[in-house]
Amino acid sequence: MNVWRMKGSRLGGWVVRHLSTGMEFAKNQRKPEKLYRRRSALGATGESVAETLNGYIAEGNSVSKTTLETCVKSLRKYGRFQHALQIMEWMELRKIMYSSVDHALRLDLISKTKGISAAEDYFNGLPPNAKDRLTYGALLNCYCKESMEVKALSLFKMMDELNFVSTDLVFINLMSLYMKMNQPEKVIRLVQEMKQRNIPMGAFTYILWMNSYASLNDIEGVERVLSEDENKPNWTTYSNLAAIYIKAGLFEKAESALKKLEEAMKPPKREAYHFLISMYAGTNKLGEVNRVWNSLKLVFPRTNNMSYLIMLQALRKLKDVDGLTNCYKDWESSCSSYDVRLANAVISTYLSQDMYKEAALIFDDAIKRCKGPFFLAREMFMVYFLKTRQVDLALSHLKAAVSEVEDDEWRPATATAMAFLKYFEGEKDVDGAEEFCRVLKTFNCLTSNIYHLLLKTYIAAGKLAPEMRQRLKEDHVEISSDLENLLQRVCLE
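Please read all numbers here as calculations on a predicted model, not as lab measurements.

Procedures and definitions
- Residues numbered from 1 in each chain as written.
- Predicted model: local features only at pLDDT ≥ 70, side-chain atom pairs only at ≥ 80, totals over all residues.
- Heavy atoms only, no water.
- Phe/Tyr/Trp six-rings, centres within 6.5 Å; stacked < 30°, edge-to-face > 60°.
- Helix = DSSP H or I, 4+ residues; strand = E, 2+ residues; numbered from the N terminus.
- Buried < 20%, exposed > 50% of the residue type's maximum accessible area, 1.4 Å probe, protein only.
- Lys NZ or Arg CZ within 6 Å of the ring centre and 35° of its normal.
- Expected span 1.5 Å × (residues − 1).
- Contact = heavy atoms within 4.5 Å.
- pLDDT = per-residue confidence, 0-100.
- Polar contact = N/O pair within 3.5 Å; in protein donor to acceptor, adjacent residues only side chain to side chain.
- Core = buried A, V, L, I, M, F, W, Y, C linked by side-chain atoms within 4.5 Å.

## Details of the packing of aromatic side chains
For the structure shown, the criterion picks out 22 aromatic pairs. Consider the rings of phenylalanine 381 and phenylalanine 385, whose centres lie 6.3 Å apart with planes at 25°: the pair is stacked. Within this pair, phenylalanine 381 and its partner phenylalanine 385 are both found in helix α22 (residues 375-387), separated by four residues, close to a single helical turn. Accessibility expressed as a relative area gives 1% for phenylalanine 381, which makes it buried. With relative accessibility at 2%, the residue phenylalanine 385 sits in the buried group. Here tyrosine 384 and phenylalanine 385 contribute two aromatic rings whose centre-to-centre distance is 5.6 Å and whose plane-to-plane angle is 70°, an arrangement assigned as edge-to-face. Grouped by ring-pair contacts, the aromatic residues Tyr356, Phe363, Phe374, Phe381, Tyr384 and Phe385 constitute a single cluster. In this structure, lysine 112 packs its charged tip against the face of phenylalanine 81, placed 5.5 Å from the ring centre.

## Brief notes about helix α26 (residues 448-461)
Between the first and last C-alpha of α26 there are 20 Å, a value that for 14 residues agrees with the 20 Å anticipated at 1.5 Å per step. Looking at α26, one finds that the buried residues are Ile450, Tyr451, Leu453, Leu454, Leu455, Thr457 and Tyr458. Structurally, α26 contributes buried residues whose contacts are with α24 (414-427), α25 (430-442), α27 (468-474) and α28 (481-490).

## Concerning the confidence of the model for the protein chain
Mean pLDDT over the protein chain: 88, with 90% of residues reaching 70 or higher. Ignoring residues within four places in sequence, the model shows residues 1-12, a span with pLDDT below 50, making 34 contacts including any to other chains. In the predicted structure, residues 14-45 sits below a pLDDT of 50 and forms 75 contacts with residues beyond four places in sequence or in another chain.

## So, the side chain of aspartate 475
Mapped onto the elements, aspartate 475 comes out in the loop between α27 and α28. At 2.5 Å, the side chain of aspartate 475 forms a polar contact with the side chain of lysine 441. Discounting residues that sit within four places of it in the chain, aspartate 475 has contacts with Lys441, Leu446 and Tyr451.

## Thoughts on the side chain of glutamate 288
Following the sequence through the fold, glutamate 288 ends up in helix α17 (residues 286-299). Among the polar contacts listed, one links the side chain of glutamate 288 to the side chain of lysine 259, at a separation of 3.0 Å. Reaching out from glutamate 288, the side chain makes a polar contact with the side chain of arginine 291 at a distance of 2.8 Å. Residues within four places of glutamate 288 in sequence aside, it is in contact with Lys259 and Tyr280.

## Looking at the nonpolar core
Ranked by size, the top nonpolar core spans 157 residues in total, and within it Ile87, Ile277, Tyr328, Ile347 and Met468 carry the most contacts. The residues contacting isoleucine 277, other than those within four sequence positions of it, are Val289, Val292, Trp293, Leu296, Ile310, Met311 and Ala314.

Have a look at this one:
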């Protein structure tokens, strides 16, 4: 039987609350539970997804397939791919029949959690009637996201032979692939092929086409695409156009596009206001940023965390420290749930202005008010302390970050790792560099760039490392010509 005794809204809140990191729900007897932020009860209890779901049913509740699918999509939206996949596996164990949409969704989740080979195995194991345009399309999407051009084109050919290439969605995948591979000229060829096949182009296809010309520095080409757009340009079209103009330094044209964006966003959309704020910040127009922010608050009196975050990021870009401080205080006084991302935006701004004490106060308050994650803030402090030659304080934040890590949720950013190693090189501190590399090894992120700086530290200190070549081999680091030159200086035979 595919339906158990549980109402959808109750299960949706209960399961996502138990399976999503950083989610919390405000309980209200008159309204369904509302998602405020993700919090991982699962990690705290050690329960598996199956145990969590079975336990809920054991409490006398029931669940429908539709509700489980909603949970899967919610978890996927918040990046909890492993948990979403485990729900689908649990559904299979319960003999819940899959639709083509379910097969396509599961294939995507397998690719994200287990890799392309596992996704291919799943696809190959599907019954013939499940290999339709949706599952083929899901596999094509996986290939394109992984920049696997040969396999993507081979699958495209098969889909074409099966008459599965009748909409622009398939072409969008290939266009995205070529933009990712920095081959925008191939996007233009795909557009010509779509025209030859009489395949209608949607708004996103036109946006990719515009972006291909922008990548070729052909602004006239971008504008020709806009004039050819058979769809009525909406706010997303104009926001994309404004972003292109800003990147090209054409600020007057960008402002014109933004005015058209404002005219096109009817009814008003919160996301459109967010784009306007970010884009006006890109044109260095503080007055326009504040004007749009005030308009947003009038239209959406209950200003959410994301809106405040967008505004704080804009003020950070404009270096308006006073405005940012006031905006943050306004949010703190009215927020219903504390969001560490907003604290991070303020900490970043303060540290960039050498306002360490102010940044530290925000961080200390964040630790008291929420459970993090604090990795990004700690990395900002690490880089700041390295810049100010206070390595002990930088290492204390590194130690704290390492102690807070669970389930591979964080590893030091490349820029942070490079900052540490450049410091050790400058200090000719081989022991410090080696200790730091041992930390990086636990995160499996010893790259050629890391070894490059480690070797330079040995050279700066005038020390030899006869075993270094073997270490690179064991860590599967390819030895480039630059690395070989450095190795010859520290691995004297």
